[in-house]
Amino acid sequence: MLQGKKILIGISGSIAAYKSILLVRLLIKAGAEVKVVMTPSAREFVSPLVLSTLSKNNVVLGLAEADEWANHVMLGRWADLMIMAPLSCNTLAKMAHGLCDNILLAVYLSATCPVVAVPAMDEDMWHHPATRQNITQIAAYGNHIIAVGKGELASGLFGEGRMAEPEDIITYITEHFFRTEELKGKKVLVTAGPTHEAIDPVRFIGNHSSGKMGFALAEELYLRGASVVLVTGPSHLQTAYQGITIQSVVSAQDMYDACLDRFPDCDLAIMSAAVADYRPESVADQKIKKQNDHWSLNLVKTKDILKQLGALKKPHQFLAGFALETQDERANAQGKMQSKNADIIVLNSLNDHNAGFGVDSNTVTLFHKSGAEEYLSNRPKKQVASAIVSFIIKHWYAQ
Ligand code: CTP
């Protein structure tokens, strides 16, 4: 999402300036073009050399460099987004009052792009009425503000005032400024994770699914503009994107109910959860005590969610499923696509030890009902998600 985006980082004097080094690195890794402007006091906290090396651009330090004028107006117009991180109490006050006594403030005042302020200061300064008023004032000017965090502060005290973490800043700017509109207006349902089928109050039947593939798909769809509901079985994962609606469920029946409830309102559904195929016929009220050497459980089939959605699917709806196969992979995957009336099926390759449950990467083959197929060699699940979404868009809009 950040590929080719022009981001200007404004650093003012604060201990938190060390976090800007990581912020620059993450932005460059995400494909952004980065330039850095620093106030004179910021140089006491981090070296311009580190920032120029990481950003691959000279750091702008003053209104004039040697005998050349630093064109703050063009710099402010060059950027797609300006991030003031860290924003010190002093620079905040100057922004609130329109002061222009250094290069950073000159660039800020001439910036035509959105500006995101990421404050950092000690708790007492953060809570001072003057700071509160300055924050309200710069928000009224149209600046975006990423709230401070709570934790250990430079003073050694514990409280509010910590600069947001670089990863959270990236999430914020991606969500607020760089979502595309490819899927704007589309409502999407995604399932993720395992299901837990209760045996008694303390035991269940489950599987090793982590939910990573489903979460990656939900985030990719959201960043392409869709409105996303993620129905997830028990998983330790969370999404950083506040716009994604999460519905947590436990059993296959819960997931079935949630999906049937949501599907009529959706344009696209992707069933990537590893749903249990069987559940105990009855759930004991009390913990089952150990007795004989052998114990058998009576299991009954769960309802097949993908199949049911396939039966209910309307012509405008697009349905995607997954297949996990250990033999006759292609034939079985294509058979599932047909029998469950899915438009595409994603075949997980279990023969690759870097793919599947729990790991961060996956190797898959995508099949469309038209006969089109695409093999995706092993790659991070986020990239797999992106390729799956592109495959869906290509075939959905062509049908
Ligand atoms: N699925 C589902 N509801 C179930 C079982 C599976 O919606 N009760 C969905 C999965 O989310 C996946 C697809 O069906 O999208 C295929 O799941 P998979 O486990 O590969 O196959 P099954 O249909 O369960 O068949 P089998 O276990 O015999 O291979």
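Residues numbered from 1 in each chain as written. Predicted model: local features only at pLDDT ≥ 70, side-chain atom pairs only at ≥ 80, totals over all residues. Heavy atoms only, no water.

**Q** Hey, could you run me through the nonpolar core in this one?
**A** Side chains of a nonpolar character, in soluble globular proteins, are inclined to be buried together. Formed by 36 residues in total, the largest nonpolar core has its most connected members in Leu217, Leu221, Val228, Ile388 and Ile392. For this core, the secondary structure elements donating two or more residues are strand S10 (187–192), helix H9 (212–223), strand S13 (227–232), strand S15 (268–271), strand S18 (318–325), strand S19 (344–349), strand S20 (361–368) and helix H13 (381–398). At nine residues, the largest contribution of residues to this core is made by H13. The contacts of valine 228, once residues within four sequence positions are left out, are Val188, Val190, Ala218, Leu221, Tyr222, Gly243, Ile244 and Thr245. In terms of nonpolar packing, the next biggest core, distinct from the first, is built from 31 residues, Ile11, Ala17, Leu27 and Met163 among them. (Core = buried A, V, L, I, M, F, W, Y, C linked by side-chain atoms within 4.5 Å. Buried < 20%, exposed > 50% of the residue type's maximum accessible area, 1.4 Å probe, protein only. Helix = DSSP H or I, 4+ residues; strand = E, 2+ residues; numbered from the N terminus. Contact = heavy atoms within 4.5 Å.)

**Q** Could you clarify how one ought to interpret the side chain of glutamate 219 in this entry?
**A** With respect to the helices and strands, glutamate 219 occurs in helix H9. If we ignore the near neighbours within four places in the chain, the residues touching glutamate 219 are Thr239, Ala240, Tyr241, Ile244 and Lys382.

**Q** I tried to follow the site of the ligand on my own but got confused; where do I start?
**A** As a structural note, the neighbourhood of the ligand is formed by 16 residues, with Met271, Leu306, Phe322, Lys336 and Lys340 the closest of them. Contact distances for the ligand include 2.8 Å between an oxygen atom and a backbone N or O atom of methionine 271. One of the side-chain N or O atoms of lysine 336 is found 2.8 Å from an oxygen atom in the ligand. Every element with two or more residues in the shell around the ligand is listed here: helix H11 (305–312) and S18. No other element matches the four residues that S18 contributes to the shell around the ligand. Its residues assigned to classes, the shell around the ligand comprises nine nonpolar, two polar and five charged. (Near = heavy atom within 4 Å. Polar contact = N/O pair within 3.5 Å; in protein donor to acceptor, adjacent residues only side chain to side chain. Nonpolar A, V, L, I, M, F, W, Y, C, P; charged D, E, K, R; others polar.)

**Q** Is there a simple way to think about the sheet that holds strand S2 (residues 33–38) in this case?
**A** The strands making up a sheet associate through hydrogen bonds between their backbones, and the pairing can be parallel or antiparallel. One open sheet accounts for five strands, arranged S2-S1-S5-S6-S7; its pairing is parallel. This sheet does not close on itself; its edge strands, each paired only once, are S2 and strand S7 (144–145). In this sheet, S7 lies alongside strand S6 (residues 115–119) in parallel orientation, the contact comprising two bridges. What sits directly across from valine 116, in S7, is histidine 144. Along the sheet, helix H1 (residues 17–29) contacts strand S1 (6–11), S2 and strand S5 (81–87); its crossing angle with S1, the most-contacted strand, is approximately 175°. Taken strand by strand, helix H5 (residues 103–110) contacts S1, S2, S5 and S6, and its axis lies near 145° from that of S5. (Pairing = 2+ DSSP bridges. Axes fitted to C-alpha atoms, helices over the stretch in contact; angles between N-to-C directions.)

**Q** Just checking my understanding: could you explain the packing of helix H4 (residues 89–97) against H5 for this structure?
**A** When two helices pack together, their arrangement is captured by the angle between the axes and the distance separating the axes. Running from N to C, H4 and H5 point in directions that differ by 40°, and their axes come no closer than 11 Å. Classified by the angle between their axes, H4 and H5 sit oblique to one another. Remark: the crossing between H4 and H5 carries right-handed chirality. On the side of H4, the interface is formed by Thr91, Lys94 and Met95, while H5 contributes Leu104, Leu105 and Tyr108. Its residues placed into classes, the contact of H4 with H5 shows four nonpolar, one polar and one charged. (Parallel < 35°, antiparallel > 145°, perpendicular 65-115°, else oblique. Left-handed = near helix turned anticlockwise from the far one by under 90°.)

**Q** Would you mind showing me how to read helix H12 (residues 329–339) here?
**A** Two residues of an α-helix separated by three or four positions point the same way, owing to the 3.6 residues in each turn. The complete set of buried residues in H12 reads Glu329, Ala333 and Met337. One face of H12 carries all of its buried residues, which in axial projection span an arc of 65°. Seen from the open side of H12, the exposed residues pointing more than 90 degrees away from its buried face are Ala331 and Gln338. On the buried face of H12, the contacting elements are S18, S19 and S20. Of the residues flanking the end of H12, it is asparagine 341, one or two places downstream, whose phi is positive at about 60°. (Arc of directions from axis to C-beta.)

**Q** How should I be thinking about the pairing of S15 in this particular structure?
**A** If a strand is regular, its side chains alternate between the two faces of the sheet. Because side chains alternate across S15, one face comprises the buried residues Leu268 and Ile270, and the other comprises Ala269 and Met271, equally buried. Here four bridges tie S10 to S15, and the two strands are oriented parallel to one another. From the neighbouring strand, leucine 189 faces S15, where its bridge partner is alanine 269. Bridging between S15 and S18 involves four bridges; their strand directions are parallel. Bridge pairing in S18 links leucine 268 to phenylalanine 318.

**Q** Explain the environment of glycine 142 to me, please; I cannot follow it from the model alone.
**A** Mapped onto the fold, glycine 142 is located in the loop between helix H7 (129–140) and S7. Using a relative accessible area of 45% as the deciding quantity, one classes glycine 142 as partly exposed.

**Q** How should the domain arrangement of the protein be read in this particular structure?
**A** Think of interface size as the accessible area that goes away when the parts come together; that is how it is often given. Domain boundaries assigned for the protein yield domain 1 (6–177) and domain 2 (187–284 + 298–396). Measuring from the centre of the C-alpha atoms in domain 1 to the corresponding centre in domain 2 gives 41 Å. (Domains from an automatic or database assignment.)

**Q** I'm lost on the packing of H4 against H7 in this one. Help?
**A** The contact between H4 and H7 brings their axes to 9 Å, and the two run at 50°. It follows that H4 is oblique to H7 by the angle criterion. Here H4 runs over H7; the crossing is left-handed. Residues Cys89, Leu92, Ala93, Met95, Ala96 and His97 of H4 touch H7, and the partners they reach there are Thr131, Asn134, Ile135, Gln137 and Ile138. Split by residue class, the contact of H4 with H7 holds seven nonpolar, four polar and no charged.

**Q** Before we go on, may I ask you to explain a nonpolar patch on the surface in this structure?
**A** Together, Tyr278, Trp295, Leu297 and Leu299 make up an exposed nonpolar region whose accessible area comes to about 410 Å². Inspection of the secondary structure puts tyrosine 278 in strand S16 (residues 278–280). For tyrosine 278, a relative accessible area of 42% translates into the label partly exposed. (Patch = residues over 30% accessible without salt bridge, like charges linked within 9 Å, V, L, I, M, F, W, Y side chains within 5 Å. Areas by Shrake-Rupley, 256 points an atom, 1.4 Å probe, with all protein chains shown as cover. Salt bridge = Lys/Arg side-chain N within 4 Å of Asp/Glu carboxyl O.)

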